[in-house]
Amino acid sequence: MMEKSRRSFLKVAGIAAIGLGAAPAMNFAASDSHGTAHAVKSKNKKALHAQRWGMVIDTNKITDEVVESIVEACHKAHNVPDFNIEVDEKKYPNTRPVNHKQEVKWIWEEEFHNAFPDKEDEFLAEKFHDLPFLVTCNHCKNAPCVQACPTQATFKREDGIVMMDFHRCIGCRFCMAACPFGSRNFNFRDPRPFIEEVNPTFPTRSKGVVEKCNFCAERLAKGELPHCVEASEGAIVFGDLEDSESDIRVLLNENYTIRRKQSLGTEPSVYYIM
Amino acid sequence: MNKNAIITGLIIFVLAVLSPFWFNMITATQAAPEPKLLGKAKTEKNCVLNKYEMRANHMALLDEWRDSVVRNADRMYESANGHSFNMSLSTGENSCLGCHEDKTKFCDKCHTYASVDPYCWECHTNPKEIR
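Just so it is clear, the structure is predicted and the values come from calculations on it, not from any experiment.

A.B. asks: How should the overall build of chain B be read in this particular structure?
C.D. replies: When helices and strands are counted, chain B shows eight helices and two strands. Traced from its N-terminal end to its C-terminal end, chain B shows the element sequence α-α-α-α-β-β-α-α-α-α. Relative to the globule expectation of 14 Å for 131 residues, the C-alpha radius of gyration of chain B, 23 Å, shows a markedly less compact shape. Across its three principal axes, chain B shows a C-alpha extent of roughly 80 × 30 × 30 Å. When each of the 131 residues of chain B is scored for burial, the buried share is 18%. Within chain B, contacts between residues separated by at least 24 positions form 49% of all contacts whose residues are at least 6 apart in sequence.

Here you go:
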């Protein structure tokens, strides 16, 4: 007759507890699937890299035709709605009438005194009054929109691009209030009926999110230059501002350039050759 | 006297409690639909993760992909089983819809049945719908 002492009972109980705990661990190690843990995420090999992307726009080369083709190329590729088009009644019945104060634009034409309000001199050279100035998101170094965004839907990428995560935007429009350049637009309504031809390679936006230029991040990832640069016939040069040997820095070195509202200290990355 | 009343009461109670089961027995119930594997997805057999994990965790994977693409600009994904994918819901051959060609017969099949309504397609476009 074996007398069970407290000591031997505790021993057996302890071993049993280890056994119980070991089973799930063994099962886990034995399973052949490793879930997402061993996956490797990488960039496309052809992707373009920079420390800080920037743009130089040569205002001497920008004509009305160039502006038109640039705006069209950009807006078509990014499914930017045009509220002036006739809505297809069959596809989108009962679309309510358009309020033309609500527009969405990524890149557009502006007059000098609106684009550069702090540079409007009393006797400004006359040519500036009629020249079309292309304006877009400046992808500022100290972007106020990034600071204003409460959900980090707007954020700064490592390469200087001020990006938006549309999934995350809650539509509070703080960023629009913060942006001194009016580069951001709010989707007051579903933009789909107002997109003439949807580009299937880029998503549209939904009602209630803000949108803006993304420096064609989706094209840079494939090793291509932004749409506006391609359509500009040489008027826009795109490159790395931090690389002193880049085309863009050479241009900046050789020409007198200005930026929009420099005095605000947001450090825009879009330069204009005058 | 009391005994009879209690037993009838109990029977009625049990019947009432089990009413969903009776109801399901009487009416024809729909079995959970199987999402259809078409085209490339049918011949490929290998998704990002194995079938069961995809079934259970595809939403977490898509969430991870989204963050990776938007935030880190990493767009290529080489999964543990050695296949590489273009992290995209609907663009290009190596995206989700590139393989699972028909959204209505794949995604919607279960989503409709389970009455979940993910808002992916408010922005992302189904190439089939654009024509």
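A.B. asks: Please clarify how the overall build of chain A should be interpreted in this entry.
C.D. replies: In terms of helices and strands, chain A carries nine helices and 11 strands. Relative to the globule expectation of 19 Å for 274 residues, the C-alpha radius of gyration of chain A, 27 Å, shows a markedly less compact shape. Seen through its principal axes, chain A has C-alpha atoms that stretch 115 × 55 × 35 Å. With 274 residues in all, chain A has 31% of them scored as buried. Contacts in chain A between residues at least 24 apart in sequence constitute 69% of all its contacts with a sequence separation of at least 6.

A.B. asks: Any chance you could explain the domain arrangement of chain B here in plain terms?
C.D. replies: When the parts of a complex come together, some accessible area is lost, and that lost area is often taken as the interface size. Each domain of chain B was delimited in the assignment, giving domain 1 (1-30) and domain 2 (32-130). Computed from C-alpha atoms alone, the centre-to-centre distance between domain 1 of chain B and domain 2 of chain B is 44 Å.

A.B. asks: Hey, could you run me through the interface of chain A and chain B in this one?
C.D. replies: Of the residues lining the interface, 25 residues belong to chain A; the matching set on chain B comes to 24 residues. Residues that form the side of chain A that touches chain B fall into these classes: nine nonpolar, 11 polar and five charged. Two strands pair when backbone bridges link them, and strand β1 (residues 40-42) of chain A and strand β1 (residues 76-78) of chain B are joined in this way by three bridges, in the antiparallel orientation. Within β1(B), the position partnered with Val40(A) by the bridge is Glu78(B).

A.B. asks: I'm lost on the environment of Asp243(A) in this one. Help?
C.D. replies: All names here are of chain A. With respect to the element layout, aspartate 243 can be found in the loop between β9 (236-240) and α9 (247-254). Overall, the presence of 14 C-beta atoms within 10 Å leaves aspartate 243 in the partly exposed class. With 176 residues separating them along the chain, aspartate 243 and valine 67 place their C-alpha atoms 28 Å apart. In this structure aspartate 243 touches Gln51 and Arg249, once residues within four positions along its chain are discounted.

A.B. asks: Could you clarify how one ought to interpret the sheet that holds strand β2 (residues 84-86) of chain B in this entry?
C.D. replies: Within a sheet, neighbouring strands are paired by backbone hydrogen bonds and run either parallel or antiparallel to one another. Here three strands make up an open sheet; going across it, the order is β1(A)-β1(B)-β2(B) and the pairing antiparallel. Each edge of the open sheet is held by one strand with a lone partner, namely β1 of chain A together with β2 of chain B. The average angle at which neighbouring strand axes cross in this sheet is 20°, direction not considered.

A.B. asks: Could you clarify how one ought to interpret the nonpolar core in this entry?
C.D. replies: Soluble, globular proteins show a tendency: their nonpolar side chains are buried together. Of all hydrophobic cores here, the largest spans 61 residues; its most connected members are Met55(A), Ile57(A), Ile70(A), Ile107(A), Leu134(A), Val162(A) and Ile236(A). Sequence-distant contacts of Ile70(A), defined by excluding residues within four places in its chain, comprise Ile107(A), Leu134(A), Cys228(A), Ala231(A) and Ser232(A). If you look at the next biggest cluster of nonpolar residues, it comprises five residues, including Ala41(B), Leu89(B), Cys96(B) and Cys99(B).

A.B. asks: Would you mind going over the environment of Asp159(A) with me for this structure?
C.D. replies: All names here are of chain A. Along the chain, the position of aspartate 159 falls in the loop between β5 (154-156) and β6 (162-164). Along the chain, aspartate 159 and histidine 49 lie 110 residues apart, while their C-alpha atoms are 7.2 Å from each other. With sequence-adjacent residues up to four places away left out, aspartate 159 is seen in contact with His49, Ala50, Gln51, Arg52 and Trp53.

A.B. asks: How should the pairing of strand β4 (residues 133-136) of chain A be read in this particular structure?
C.D. replies: A regular strand places its side chains so that they alternate between the two faces of the sheet. Residues and elements named next belong to chain A. Here β4 shows two buried faces, one formed by Phe133 and Val135 and the other by Leu134 and Thr136. Here strand β3 (residues 107-110) pairs with β4 via four bridges, running antiparallel. The residue bridging tryptophan 108 from the neighbouring strand is valine 135, located in β4.

A.B. asks: Which parts of the structure should I look at to understand the pairing of strand β2 (residues 53-58) of chain A?
C.D. replies: All names here are of chain A. Counting buried positions over the six residues of β2 gives five, a clear majority of the element. Here five bridges tie β2 to β9, and the two strands are oriented antiparallel to one another. Each bridged residue has a counterpart across the sheet, and for glycine 54 the counterpart in β9 is glycine 239. Pairing of β2 with strand β11 (residues 270-273), which is carried by four bridges, proceeds in the parallel orientation. Bridged to isoleucine 57 within β11 is tyrosine 272.

Conventions and cut-offs
Residues numbered from 1 in each chain as written. Chains lettered and ligands numbered in written order. Predicted model: local features only at pLDDT ≥ 70, side-chain atom pairs only at ≥ 80, totals over all residues. Helix = DSSP H or I, 4+ residues; strand = E, 2+ residues; numbered from the N terminus. Rg over C-alpha atoms; globule rule 2.2 N^0.38 Å. Buried ≥ 20, exposed ≤ 12 C-beta atoms within 10 Å, placed from the backbone. Contact = placed C-beta atoms within 7 Å. Domains from an automatic or database assignment. Nonpolar A, V, L, I, M, F, W, Y, C, P; charged D, E, K, R; others polar. Pairing = 2+ DSSP bridges. Axes fitted to C-alpha atoms, helices over the stretch in contact; angles between N-to-C directions. Core = buried A, V, L, I, M, F, W, Y, C linked by C-beta atoms within 7 Å.

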